[in-house]
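# Examining the three-dimensional arrangement
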Amino acid sequence: MTDAALDPGAVRAIDLASDASRARLRRRYRAEARFRAYGIAALAVAGLFLVLLVGDIVIKGLPAFTESRVTLTVTPQLSQVSTDGTTGADALRGGDYAAPLRASLQELFPEVTSRQDRRRLFFEILSGGAGDDLRRRIMADPGLIGRPVTVSALLDDSADMYLKGRLTGRVERTGRGTLAISGATGDVTLDSPGAFRDTLATIKKALRDEAAAIEAAAGRVAQRLEALPVGDPRRATAQAGVDADRSRAAALRARAAAPEAPEVLGTDTPSELVAVNGGIVKLTSIGPSQAQGRVLVPLGTAGTVSEGAWRTITLLQPEGSRRLTDQHIAWLEDMRAEGLVTRHFATRFFTSGDSREPELAGLLGGLVGSLLTMFVTLVLCLPTGVAAAIYLEEFAPKNRITDLIEVNINNLAAVPSIVFGLLGLAVFLNFFGLPRSAPLVGGLVLALLVLPTIIIASRAALKAVPPSIREAALGVGASHQQAVFHHVLPMAMPGILTGTIIGMAHALGETAPLLLIGMVAFIVDTPQSVTQAATALPVQIYLWSDLPEPAFQAKTAGAIIVLLVFLFVMNGLAVVLRRKFERRW
Amino acid sequence: MVTDHPETFHNQGPTTVNRMADLTMPLTPAAGLFTANEAKVTARDVTVHYGEKQALFGVSIDIPERSVTAFIGPSGCGKSTFLRCINRMNDTIPICRVAGEIRIDGADIYDRRLDPVLLRARVGMVFQKPNPFPKSIYENVAYGPRIHGTTTSRQELDEVVETSLRKAGLWDEVKDRLDQPGTGLSGGQQQRLCIARAIAVGPEVILMDEPCSALDPIATARIEELIFELARNFTIVIVTHSMQQAARVSQQTAFFHLGHLVEYGATEQIFTAPSDTRTQDYITGRFG
Ligand SMILES: Nc1ncnc2c1ncn2[C@@H]1O[C@H](COP(=O)(O)OP(=O)(O)OP(=O)(O)O)[C@@H](O)[C@H]1O
Ligand SMILES: [Mg+2]
């Protein structure tokens, strides 16, 4: 037991001066430096992707948090806002509050008379829900009827997106030189020495580019043509196509080659608007010093204006491939120039439910649905999960059965969430007949999903409590159960809560199982109880992401931001809890 | 290999205590210092297995009341194992099996009808590493009385906490910060807090498993002083690796080796005239 072992010859001192030893040291330093470099590189890559992801979502999602409105002075008539000529609440509720708004817009643009233009102005500039605010105000104070009221009317989603610069690229320039206009309405001629030369050059360059693209494509087809056997009937038709393309390209090149020749602007080229004398002219054909145009918003007067008193607006997206025509945009530009357009924080985004109209759609339904679902999940999971963990960790006899249970809890944690959704569909909906789309069922399904996580985290937290604390409690005559509940559990609580919160955060972002139990329906009303139909936040994101409107794309990103904020807050809470309750022993 | 010499120390042990106690403090007759010490704990043929491995081989010993008994021996010889048999702490280790008989005041503590939890209230334990609860100093001491319901009012509890801390010689250092965490004290203070916590439930026997091994010499000296004083009221069993400590604080010493109780007797005798060569070798530092 004592001096039996150590043979002094067996231990050899390290020769620190030897070359081998120095080389070993250098190798170790290099290995350590390499490892650090890998670590930093990995972090940098991860950070870069995170920044890209978050940046992209924030840029896309920001428009969802603001809405555009137009300030209008309206005089609501009793005949418009009441269904039966009285000011009873029911009569007022059914009234047409868009009518006074339309009347006010008509006053703003009296020249709009055609059916098509009126439809555009009244229904594609103003939101379908523009009258809602006015309804609220008049129902609160019927005395406003018949008197001028200033309202801030919500704009349609496309108008909103245009004003936020999301619908088309837009370049505004102050006009160079004087500008002579032949008339105030209808088709007009604009003269300005050299003012349109740059624009024309850009158009010619675009023509050249297009010709080159067509030629390249035709060349590729022609090459593949060679491979076809002679006499193949497809050869002739293809050759005809190639020839047509080539002549089209040649025509474009010819137009591009004449720098002074005027060009016609169509629906497949960028639009040029000229704002002058309080009106807007759309250019239809453009030469270096002269342009033809059509008045979209009447000018105050015709005649000559001096340099700097007019501006050009280039809309890069061709009219044919955008959601608003030049006429819509001219009205918006005019209202904006008059200072009628305002941008507001979109409280609607948080206080209203889903809608088919992007500008009216909000998150509240999804938020409340998610909260109700989370509530059900938490109420089910936390007590069961913690109780199961305590029993398994502290009291269960260690035998085959508990081993089996333990293995299966770990297995459950690895089961894909969609399987739980199918289970919920089969058991909760079909067997127990619980209501479809209800947060109750969503919560049950997510509880199944989160339970293993909570049990595993809680067991780890219980296991991490040092045995000395248990012994101390037993040593003063506490029973096993007292030791567990008085000392071990409180010390494990931060870990348990952290595990629970992370589990809940996981559940909050879970979508697949909710789709299967029908929480994916289009639901306008905010759910009031756990048995009413509802969606959840991630499902709302999924639903919106499927819609074509650019405004819904913004809403999707906005909802993702909200969801991420919730997740960050939950995870932050977990960290705070851990810090707060973390004690050294 | 069991050596029992109860008669040899029954007369010597207490005398030593009295003489040394005389020097440090006034004597109170109520402390029962002059009564002859009966055997408080008696063990007969105690055998312990951890699974297949046998850790103790037929240990028999009589531990007298109100005195300090030291267990010494090389590492792994079963000192802690035997100590933990006395308050049935080994019950918490699933693979541990205890055979034989241990009696406290004549009552078999391995009796089926006896509740081990109540036993542990009567047989307190202080561990090698100070292990205060991560709660306030007050709560640390008050925990035992609270769960056993030995106090009925807050006032009584305050009193118990104060007396326990006083007995543990910690009162003056902590009386102004009873609400601060016990884990914030120094190592020596923590260990005295653990002792206060153990005596707050009014045990008859206090088991100490190397209570000073994590402490510096000054803190050790304080604990030793404390042990010495506590022996006036409690039966103390202490495991130690320090010969000097055993010699300083104990009246009886038991030497364990490879699971056997090799020799047991008055401390003076074990250290001056051991009858077994293994004891001799261990004490003189030839092995261990
Ligand atoms: N929980 C356990 N499981 C299995 N074997 C154990 C356990 N505790 C102790 N043993 C074994 O029992 C024997 C005695 O251990 P014990 O802890 O009583 O020794 P000790 O004398 O207290 O040693 P030390 O002075 O190092 O504390 C050792 O061989 C040890 O390996
Ligand atoms: Mg030990």
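Residues numbered from 1 in each chain as written. Chains lettered and ligands numbered in written order. Predicted model: local features only at pLDDT ≥ 70, side-chain atom pairs only at ≥ 80, totals over all residues. Heavy atoms only, no water.

Residue and element names in this part refer to chain A. Under the criterion given, the structure shown has 14 aromatic pairs over all chains. Between Phe349 and Trp544, the ring centres sit 6.2 Å apart and the planes meet at 25 degrees, which makes this aromatic pair stacked. Of the two residues, Phe349 is situated in helix α11 (residues 348-351) and Trp544 in helix α19 (residues 537-545); the sequence distance between them amounts to 195 residues. Classification of Phe349 as buried rests on a relative accessible area of 1%. Among the residues examined, Trp544 registers a relative accessible area of 0% and is labelled buried. Connected via pairs of aromatic rings, a cluster forms that spans Phe65, Phe345, Phe349, Phe350, Trp544 and Phe552. Seen from the ring of Phe522, Arg356 lies directly overhead, with NZ or CZ sitting 3.8 Å from the centre. (Phe/Tyr/Trp six-rings, centres within 6.5 Å; stacked < 30°, edge-to-face > 60°. Helix = DSSP H or I, 4+ residues; strand = E, 2+ residues; numbered from the N terminus. Buried < 20%, exposed > 50% of the residue type's maximum accessible area, 1.4 Å probe, protein only. Lys NZ or Arg CZ within 6 Å of the ring centre and 35° of its normal.)

A few words on the site of ligand 1. Residue and element names in this part refer to chain B. Inspection of the region around ligand 1 gives 14 residues, with Lys53, Ser75, Ser80, Thr81 and His241 positioned closest. Side-chain polar atom of Ser80 to an oxygen atom of ligand 1: 2.5 Å apart, as the coordinates give it. The side chain of Thr81 places a nitrogen or oxygen atom 2.5 Å from an oxygen atom of ligand 1. Coverage of ligand 1 by the protein amounts to 67% of the 630 Å² it exposes when considered alone. At the level of elements, β2 (53-64) and α3 (79-86) are the ones that each hand at least two residues to the shell around ligand 1. (Near = heavy atom within 4 Å. Polar contact = N/O pair within 3.5 Å; in protein donor to acceptor, adjacent residues only side chain to side chain. Areas by Shrake-Rupley, 256 points an atom, 1.4 Å probe, with all protein chains shown as cover.)

Partitioning chain A into domains gives domain 1 (67-163), domain 2 (170-321) and domain 3 (359-581). Using only C-alpha atoms to locate each centre, domain 1 of chain A and domain 2 of chain A end up separated by 39 Å. (Domains from an automatic or database assignment.)

Glancing now at the interface of chain B and chain A. Chain B puts 25 residues into the contact, and the matching count from chain A is 20 residues. In total, about 1900 Å² of surface goes out of reach between chain B and chain A, with carbon and sulfur atoms giving 65% of it. In terms of surface lost to chain A, no three residues of chain B exceed B:Phe133, B:Pro134 and B:Tyr143, which account for 28% of the buried area on that side. The tally of links from chain B across to chain A stands at 1 salt bridge. A:Glu471 serves as the salt-bridge partner of B:Arg84, at 3.2 Å between the closest nitrogen and oxygen. Elements supplying a minimum of two residues to the side of chain B that touches chain A: α4 (116-122), β6 (123-126), α5 (137-148) and α8 (187-199) of chain B. When grouped by side-chain class, the residues that make up the side of chain B that touches chain A number 14 nonpolar, 6 polar and 5 charged. (Contact = heavy atoms within 4.5 Å. Buried area = accessible area lost by both parts, 1.4 Å probe. Salt bridge = Lys/Arg side-chain N within 4 Å of Asp/Glu carboxyl O. Nonpolar A, V, L, I, M, F, W, Y, C, P; charged D, E, K, R; others polar.)

In this section: the nonpolar core. Most often, soluble globular proteins have nonpolar side chains that are buried together. Residues B:Ile61, B:Phe71, B:Phe82 and B:Phe256 are the most contacted members of the largest nonpolar core, which totals 57 residues. In terms of residues, this core owes the most to one element, helix α17 (residues 480-508) of chain A, which gives 7 residues. (Core = buried A, V, L, I, M, F, W, Y, C linked by side-chain atoms within 4.5 Å.)

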